[in-house]
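# Examination of the molecular architecture
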Amino acid sequence: MSQDNADLEARLEEQDTFEPPESFVEQANVTDPGVYEEFEENWPGCWERAADLLSWDEEYDAVLDDSDAPFYEWFTNGELNASYNCLDRHVEDGAGDNVAIEWEGELGETRTYTYEELLDEVEDTAAMLRDLGVEEDDIVTLYMPMIPELPIAMLACARIGAPHSVVFAGFSADALATRMNSADSEYLITCDGYYRRGDALDHISKTNEGLEGVEHEVSDVVVVDRLGDDLDHELADNQHDYDDLVAEYEGSTVEPVPRDSEDMLFLMYTSGTTGQPKGVKHTTGGYLAYSAWTSHAVLDIEADDTYWCSADIGWITGHSYIVYGPLALGTTSVMYEGTPDYPDKDRMWEIVEKNEVDIFYTAPTAIRAFMKWGTEYPEQHDLSSLRLLGTVGEPINPRAWKWYYKHIGGEECPIVDTWWQTETGGMMITTLPGICEMKPGSAGPPLPGIDAQVVDANGEEVDAGKAGYVTVNNPWPGMLRTLYNNDERFIEEYWQEYSDPDADEWVYFPEDGAKIDEDDYITILGRVDDVINVSGHRLGTMEIESAVVGVEGIAEAAVVGGDHEVKGEAVYVYAIPEDGYEGDEELEERAAEAILDSIGPIAKPEEIAFTHELPKTRSGKIMRRLLEDIASGNELGNTSTLRNPDVVDDIAEQVSND
Ligand code: 6R9
């Protein structure tokens, strides 16, 4: 390392605040620091600013109706269509030739859709769905990887007022069945397979296995052919080849259906404390306004930008910040099918250079992997087109933040560390890149109009520097409206903890721990429930536990998250064999297999340790904290409150030996 470089590294290491670069501020979408006050003084009217980014078929009467809190309604009696807002209006405005989606296939092929072309495809698919019998409010399940047919199908559903429920393609057959059953969904769009590191993966067999677990009749399954001759498969009677079928509707005109602002746009299942995934319901007006507003204010997206969010559309980040937000603003959204290290570890930077990407939004787990691979990969490419970087999904450690800032942003791009959730629909806590100073490791202040704070167990705000829990006092347009078919659980999960229903005071509890500093910057510490965050993906430990105890020969299991250098957290399983069984390799394999079958490869355990007992408190509760410390290799605290302190050493020894 040269002396200059060494000086620079040393300076960066010590620096803990960063001003937004002048060159960025000069062109930013939001630059007036008065925006915070403006939103506060004119709340909830301030949210008109978000609604104004959309085209409404029918003006709304009121911004917010809180008469049945916490079942809030936004932009009441307004009418609009999400697909119209993401497509037609740009074409009508003369921007039909602008690129909407720039797709990069894993094998190096590309597909480019202008707004006009995307609209055509969406209309054809919408006509096809309608002819299959899909009616307004029917839930259509989309079980697809990162291929253009996925956003096309989402927008086609939105066009005819059929909510979609996207199931992440990496999820298992069981996960597909659970979600289709819960949503009572009779239509499915899937694909034959897809590529991972050059290999063709079979997706249709997994789909068919999942369909066997669907309890109601599935009317139609449409299968996209991604693999061509790379996979032979037979279509069942109710299954159709997507290309053949959609070809029959080429050139169709399908008028966008005006939807009430509060009509459901989509369902998205996410993990919670108990076993069953939660069906988070998002609506048309509030969600779209909020994803567009945050794309504008935080990601600084403009129509002539090329913007790339490297998330998968199967997660909320892809919904809000690959599809709905960016397309509502008429920008070019890059979509990458594959893995960051195929064919080589510079793939991401090659895509940035080739497409002259202006804005790049990714996850800390990816940044940690880039960092591990080394600076030579980004250095092979010209990244000077970049003007803003973002991260989401989990806390980013200051070292990874600084690496991203220096080696990807060339110290010229602000970084937005955006905290939010499937349930919030869009970003909640983050700096505004044209206004705020950045503090690596801290997400920043709540966005204008978002009344978030850090409180103790009694709901009192904690002092600067003390740890507590994030809560949000005001509703916001992008919030979930309920859990599908389960209003009761909606209240229990998010509102019970800190609200005072008698006083009609409602406080949203996201179940994250945090600290706040004297400038109101919030540092997120992680989940406080039984959810772990593996590579930015939320996994319920209970779901994994129930898969493991379902294995013949396993009596009891505890699943916890342990620290992991790249993934942030990794899955650790502690299990007790039943009498007559050995905790041997075979049992370990069966446990791993059960997790793969019930959730998918993202939940692959880092370690499965067998033990004759689990550490329990005197009241019989499993001491998860202790298991987490063992998994993370931390020093173990006091174990004297345990009923069975000896077991801890046994387990720790086993884990460290592996
Ligand atoms: C968007 C998304 C939500 C959970 C959330 C929190 C964690 C997300 C974060 C972050 C620290 C950030 N999380 N962003 N933690 N800093 N910038 O990830 O949604 O999959 O529902 O996960 O992710 O723990 O509660 P989702």
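Residues numbered from 1 in each chain as written. Predicted model: local features only at pLDDT ≥ 70, side-chain atom pairs only at ≥ 80, totals over all residues. Heavy atoms only, no water.

## A closer look at the UniProt feature "domain: Acetyl-coenzyme A synthetase N-terminal" (unreviewed entry) in the protein
Rules: UniProt positions are given in the numbering used here, feature names are shortened, and annotations may be inferred rather than shown by experiment. Helical segments are the DSSP runs of H or I of at least four residues, strand segments are the runs of E of at least two, and each set is numbered from the N terminus.
When the UniProt feature table is mapped onto this chain, "domain: Acetyl-coenzyme A synthetase N-terminal" (unreviewed entry) is found at residues 35–86. As annotated, residues 35–86 has a helix share of 31% and a strand share of 19%, and its two end C-alpha atoms lie 26 Å apart.

## Some points on unusual backbone geometry
The line we're drawing: Only protein chains enter the accessibility calculation, which uses a 1.4 Å probe. A residue is then buried if its area is under 20% of the maximum for its type, exposed if over 50%, and partly exposed in between.
Across the junction of Ala69 and Pro70, the peptide omega takes the value 5°, indicating a cis bond. Along the chain, the position of Pro70 falls in the loop between β1 (62–65) and β2 (73–76). Here Tyr342 and Pro343 are connected by a cis peptide whose omega angle stands at -5°. If you trace the backbone, Pro343 turns up in the loop between β17 (332–336) and α13 (347–355). With a phi close to 60°, Asp300 is a non-glycine residue in the positive phi region. The class for Asp300 is buried, based on a relative accessible area of 1%.

## Remarks on the sheet that holds strand β23 (residues 512–516)
Short version of the rule: What makes two strands pair is DSSP finding at least two bridges between them. Think of each axis as a best-fit line through the C-alpha atoms, taken over the contacting stretch in the case of a helix, with angles from 0 to 180 degrees between the N-to-C directions.
Taking strand neighbours across the sheet as the criterion, the 4 strands line up as β21-β22-β23-β24 in an open arrangement whose pairing is antiparallel. Each edge of the open sheet carries a strand with a single partner, namely β21 (452–455) and β24 (522–527). In this sheet, neighbouring strand axes are inclined to one another by 45° on average, regardless of whether the strands run parallel or antiparallel. As paired strands, strand β22 (residues 467–472) and β23 are joined by 3 bridges and run antiparallel to one another. In the strand pairing of β23, Ala467 is matched with Lys515.

## Concerning the packing of helix α5 (residues 82–95) against helix α6 (residues 115–132)
Formally: By definition in this entry, angles of less than 35 degrees are roughly parallel, angles greater than 145 are roughly antiparallel, angles of 65 to 115 are roughly perpendicular, and the rest are oblique. Left-handed describes a crossing whose near helix is turned anticlockwise from the far helix by less than a right angle; the clockwise case is right-handed. We call two residues contacting when some pair of their heavy atoms lies within 4.5 Å. Amino acids are sorted into nonpolar (Ala, Val, Leu, Ile, Met, Phe, Trp, Tyr, Cys and Pro), charged (Asp, Glu, Lys and Arg) and polar (every other residue, Gly among them).
It is at 9 Å that the axes of α5 and α6 come closest, and there the two elements cross at 135°. When the axis of α5 is compared with that of α6, the two are oblique. For the pair α5 and α6, the sense of crossing is left-handed. Every residue of α6 that contacts α5 at Ser83, Cys86, Leu87, Asp88, His90, Val91 and Ala95 is listed here: Tyr115, Glu116, Leu118, Leu119 and Val122. Of the residues contributing to the contact of α5 with α6, the split by class is 8 nonpolar, 2 polar and 2 charged.

## Notes on the site of the ligand
This is how it is decided: If a single non-hydrogen atom of a residue is within 4 Å of a molecule or strand, that residue counts as near it. Any pair of N or O atoms that falls within 3.5 Å is considered a polar contact. Within protein, one atom must be able to donate a hydrogen and the other to accept it, and sequence-neighbouring residues count only if both atoms are side-chain atoms. We get accessible surface area from the Shrake-Rupley algorithm with a probe of 1.4 Å; when it comes to residues, only the shown protein chains can shield them.
Lining the immediate environment of the ligand, one finds 17 residues, of which Asp417, Thr422, Asp512, Arg527 and Arg538 sit closest. Separating an oxygen atom of the ligand from a side-chain N or O atom of Arg527 is a distance of 2.8 Å. Protein chains bury 97% of the 530 Å² of accessible surface belonging to the ligand in isolation. Within the residue set of the shell around the ligand, elements represented by two or more residues are α12 (316–328), β20 (415–418) and β24. Tallied by class, the residues present in the shell around the ligand amount to 6 nonpolar, 6 polar and 5 charged.

## Thoughts on the pattern of salt bridges
Put simply, the rule reads: Here a salt bridge means any side-chain nitrogen of Lys or Arg lying within 4 Å of a carboxyl oxygen belonging to Asp or Glu.
Counting across every chain of the model gives 30 salt bridges. Ionic pairing is found between Glu586 and Arg590, a salt bridge with its closest N-O pair at 3.6 Å. Linking Glu586 with Arg590, this pair stays in helix α19 (residues 585–598), spanning 4 residues, or about one helical turn. Because the salt bridges share partners, they merge into one network encompassing Lys278, Glu423, Arg489, Glu493 and Arg538.

## Comments concerning the packing of α5 against α12
Across the interface, α5 lies against α12 with an axial gap of 8 Å and an inter-helix angle of 50°. The angle between α5 and α12 falls in the class oblique. At the point where α5 passes α12, the crossing takes the left-handed sense. Only Tyr324, Leu327 and Ala328 of α12 make contact with α5, whose side of the interface consists of Ala82, Asn85, Cys86, Arg89 and His90. Residue composition of the contact of α5 with α12, by class: 5 nonpolar, 2 polar and 1 charged.

## Things to note about the sheet that holds β17
Read from one edge of the open sheet, 7 strands run β5-β4-β17-β16-β18-β19-β20, paired in mixed fashion. What marks the edges here is a single partner per strand, and that holds for β5 (110–114) and β20. Averaged over all pairs of adjacent strands, the angle between strand axes in this sheet comes to 15°, irrespective of strand direction. Pairing between strand β4 (residues 99–104) and β5: 5 bridges, direction antiparallel. Within β5, the residue paired with Val99 across the bridge is Thr114. Against the sheet, α6 contacts β4 and β5, and its axis sits at roughly 95° relative to β5. Each of β4, β5, β16 (306–309), β17 and β18 (359–362) is contacted by α13, which is oriented at about 145° to β4, the strand it contacts most.

## Digging into the confidence of the model for the protein
Here is the rule: For every residue, the predictor states its confidence as a pLDDT score lying anywhere from 0 to 100.
Mean pLDDT for the protein: 94, with 98% of residues reaching 70 or above. Among the scores for the predicted complex, ipTM is 1.00 and pTM is 0.92.

## Thoughts on helix α8 (residues 173–183)
Of all 11 residues in α8, 8 are buried, a share of seventy percent or more. Buried within α8 are the following residues: Ala173, Ala175, Leu176, Ala177, Arg179, Met180, Asn181 and Ala183. In the core, the buried residues of α8 are packed alongside β6 (140–142), β8 (187–191), α9 (204–212), β14 (264–270) and α19. Just downstream of α8, Asp184 is the residue with a positive phi angle, here 55°.

## Let's talk about a negative patch on the surface
Rules: Each patch is built from residues that are more than 30% exposed by relative accessible area and take part in no salt bridge. Like charges join if they lie within 9 Å; nonpolar side chains (Val, Leu, Ile, Met, Phe, Trp, Tyr) join within 5 Å. Counted as positive: Lys and Arg. Counted as negative: Asp and Glu. His and the chain ends are not counted at all. We put the charge of a Lys on NZ, of an Arg on CZ, of an Asp on CG and of a Glu on CD.
A cluster of acidic residues, Asp174, Glu209, Glu212, Glu582, Asp584, Glu585, Glu588, Glu589, Glu593 and Asp597, forms a negative patch at the surface. Broken down by secondary-structure element, the contributors of at least two residues to the negative patch are α9 and α19. Here the negative patch takes 5 residues from α19, the largest share from any one element. For Asp174, the position within the fold is in helix α8.

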